[in-house]
Amino acid sequence: MMSLLLFMLAGVTSVNALREHHGELAGQRSSFCWKHCCRSKCDNVTVLSGVDFRYENCTVKVNAPIQQGDERFCEETCKVSLPDGTKEVKAMRKSQKEVQWCQLQPGLCQATPTCSGHTYELKSVVGTWQFKDCFVEVERSGADMCVETCTVLHTNESQQVFVIRDLFAGQCRLADPGLQEFAMDFVEQLEKTALALPIGKYRGLPLIRHPSAIKRFLSHLKKEVLVPEKQAAEGQGWSREITARYVAIIGDLHGQLFNLIAWLIYIKEQYQDKGFSKLEGSSLLICDPQLKYVFLGDYVDRGERGLEVLLLLLAYKARCPEGLVLLQGNHEMPAIWDRYGFKAELWYKVKMRPSTVRDVVQHLPYVAVLPGKYMFVHGGLSPEFVKKCRGKAGRFGTCLDEETAFSLTWADPHDGKGWLESPRGIGHKFGMDIAKQFLESNDLHAIWRGHEQIERGGETRSLQGYYVFTVFSAADYVGVFCLNGRRPVVAPAWDPPMFHLPGEDNSGAVVVIDSEQNLSSTPYLRMTGNQTRQIAAEFTGAQCSKRSLLEEGSQVLESPDLESRDLESFMQENHKRLASIGDNASCSLGEAETNSLKEEVRKILSTAENREFEARKLIDLQGEALIHPERESVQICKCMKRDHVTLEVYEELQGADQEVLDMDINTREHELEAHSDG
């Protein structure tokens, strides 16, 4: 018994000694730290504010966690290197699955202003503003910027303005220079710089780094351009009339900035000999009354740079409002952003909520018309639209309400006659007979639309001189631009399963038409994903890694981190996404429904040039419809079962092809043997 007691006392003595030793290391001799905030974990962590710098020499001085709202943080004191020297900052640390989220604590701003004497060079007008008599607005300042109130003298009048002092760039700029100044800055930063930066490293993009600048720009654009244009349009403002001779038609981009840059370069080069005026401050855009750009919607989701694509297009719209028509697609709505990436991208990059963006894009039109020629729309025709807008001579603003206009974004054409239910679960498919009758009643000859992934970027349907053209501009759909020095996981952090490596999955296309000439042939301008990457890389100077797959024909990158991309793996990834929508209820398709589906899928796949491509489209479209809250879990369950039927038919057809191939090989071998014997 005495031995046991002595052993326990020795153990207590050892524990006390250990506590005292660690207490000395922590600068607290009296007690050992048993709490979460015992040692630094922020050293060498990159700050999560879009700025490229690291915390160094971090220490923990307070062991007790700090409560902020519903969350608890550990406070660390670190050093950071800034243009004006090394500063000591506070980092608020939260651990999550071994990842240290070290937020920069506000407080870098000093009471002493530093913007007095600085100048700001205006781009939209000739002139330089010099700031003087500045003082710090502490309450308005943030983690990596200070706000100062300064006096400026311009046009012989003095004015007080808010000035942002960027702590990491060492610059002072106007907090709200106005729409045109914002737009010119966005064009300059996004055309040349954005693509060359790794995702989230926005040190070279001051406006993107500060969400307040984005919000002010969007607010100006809405009030000064989009709302007045909508009010000036006929009827409820959901349709626009085009009068230019040349029309450049660009389909779905889905966050692929490299495709947008490449297509704009291509279009500019095609018309450089016509003397068209270029947009001041832009290296890419033509701004001339003779040419109009029509974008068919779906600017965001599924791609890695949806924010950059949307901001660049809106900046173009601000700078050249008569030169662009930006149509709404089915991916211009928060319900689908939640499932296909843009909501997560917004929060990851700029901590912005979707409502801020939706408040602006909801004022974009759904339809554009070149009278006597063409209509432009994201999806196609719907029964409601045809009923309300038949015989209106293309003046669709008089018959379109928002609900009817929205129905157009989910429509697709089909090769048969009449209306069919869409495999997307929302909207309809329309036959060429319906397209012909509707176009004829409005003295139009073609529908230009996007919405549908096409293997070669463009597709044409026609009936007796009436056409439906599909233009899909996202070459290598959901493929990232390049590895850009990143490890081969490659996908942006907000949703890795959504993306794949740079490759050649599908071509993209754009169209430039001369409205004074009749269409005598399919007018698509096509490029592969690697071709558009190469053009964009050369223009921006983006330094992609040697394994970036920019080389033509390179499609495979060996990496243990990458999953197989066969059809079954693709389906499983889709099912993971569907499973996050709701519970997997028990369900069955039924024999009749299963057989009908098999027949439909077999018909599509048996005639497809690329069977796997078409099978992926079917699986993708069935999942896309389940974005609405009213979709019950049993429908998700049925969607998954329909995908398995699609996979079954695909494998059955592949197997049949293999049997035929084997038989052909055997036949050829027997023929060769017989010939040799003879």
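Analysis parameters
- Residues numbered from 1 in each chain as written.
- Predicted model: local features only at pLDDT ≥ 70, side-chain atom pairs only at ≥ 80, totals over all residues.
- Heavy atoms only, no water.
- Disulfide = S-S within 2.5 Å.
- Helix = DSSP H or I, 4+ residues; strand = E, 2+ residues; numbered from the N terminus.
- Buried < 20%, exposed > 50% of the residue type's maximum accessible area, 1.4 Å probe, protein only.
- Pairing = 2+ DSSP bridges.
- Salt bridge = Lys/Arg side-chain N within 4 Å of Asp/Glu carboxyl O.
- Axes fitted to C-alpha atoms, helices over the stretch in contact; angles between N-to-C directions.
- Contact = heavy atoms within 4.5 Å.
- Core = buried A, V, L, I, M, F, W, Y, C linked by side-chain atoms within 4.5 Å.
- Arc of directions from axis to C-beta.

- Looking at an unreviewed UniProt entry, the chain carries the name Serine/threonine specific protein phosphatases domain-containing protein, with the source organism given as Effrenium voratum.

**Side note on the state of the cysteines**
- This model, assessed by the stated rule, comprises six disulfides.
- Each sulfur in the disulfide pair C58 and C78 lies 2.2 Å from the other. The sign of the 115 degrees torsion about the S-S bond sets the C58-C78 disulfide as right-handed. Of this pair, C58 sits in strand β1 (residues 56-59) while C78 sits in strand β3 (residues 71-82), and the two are 20 residues apart along the sequence.
- A relative accessible area of 0% means that C78 is categorised as buried.
- Left without a disulfide partner, C639 is nearest to the cysteine sulfur of C637, which lies 9.7 Å away.

**Some points on the sheet that holds strand β19 (residues 419-421)**
- Strand order in the open sheet made by the three strands is β18-β20-β19, with mixed pairing throughout. With partners counted over all chains shown, the strands left at the sheet margins are β18 (412-413) and β19, one partner each.
- In this sheet, strand β20 (residues 428-430) lies alongside β18 in parallel orientation, the contact comprising two bridges. Note on β20: the bridge partner recorded for D412 is K429.

**Details of unusual backbone geometry**
- Positioned with a positive phi, N57 is a non-glycine residue whose angle comes to about 50 degrees.
- Along the chain, the position of N57 falls in strand β1.

**Thoughts on the pattern of salt bridges**
- A complete count under the given rule lists 29 salt bridges for this structure.
- One salt bridge in this structure joins K349 and E345, with 2.7 Å as the shortest N-O distance. Taken together, the residues span about one helical turn, with K349 and E345 both in helix α8 (residues 342-350) at a distance of four residues. The two residues K349 and E345 agree in class, both being buried.
- Here R461 ties to E459 by a salt bridge, and the two come within 3.0 Å at their closest N and O atoms.

**Side note on the sheet that holds strand β14 (residues 291-295)**
- Spatial ordering of the open sheet is given by β15-β14-β13-β24-β25, a layout of five strands whose pairing is mixed. Bordering the open sheet on either side are β15 (324-326) and β25 (525-527), each of which pairs with just one other strand. Between one strand axis and the next, the sheet turns through 15 degrees on average, direction left out of account.
- The pairing of β14 with β15 spans three bridges and is parallel. Across the sheet, F295 pairs through a bridge with L326, a residue of β15.
- Taken strand by strand, helix α6 (residues 306-319) contacts β14 and β15, and its axis lies near 135 degrees from that of β15.

**Focus: the pairing of strand β23 (residues 466-471)**
- With five of its six residues buried, β23 lies for the most part within the structure.
- With four bridges joining them, strand β21 (residues 446-449) and β23 adopt parallel strand pairing. For R449, the partnering residue across the bridge sits in β23 and is T470.
- The sheet contact formed by strand β22 (residues 458-463) and β23 spans six bridges and is antiparallel. Counterpart to L463 in the pairing with β23 is Y466.
- Between β22 and β23, which follow one another and run antiparallel, lie two residues, and Q464 among them has a positive phi close to 50 degrees.

**A look at the nonpolar core**
- Judged by nonpolar contacts, the single largest core of 87 residues is most densely connected at F217, Y293, F295 and Y316.
- Ranked by residues supplied to this core, first place goes to α6 with ten residues.
- Filtering out sequence-adjacent residues up to four positions away, Y316 remains in contact with V187, E191, L264, L279, S282, L284, L285, P321 and L324.

**Details of α8**
- All of the buried residues in α8 are F342, E345, L346, K349 and V350. Buried residues of α8 fall within an arc of 100 degrees about the axis and therefore sit on the same side.
- Those residues of α8 that are buried lie in contact with α3 (206-209), α4 (211-232), α6, α7 (334-340) and α9 (354-361).
- Just downstream of α8, K351 is the residue with a positive phi angle, here 50 degrees.

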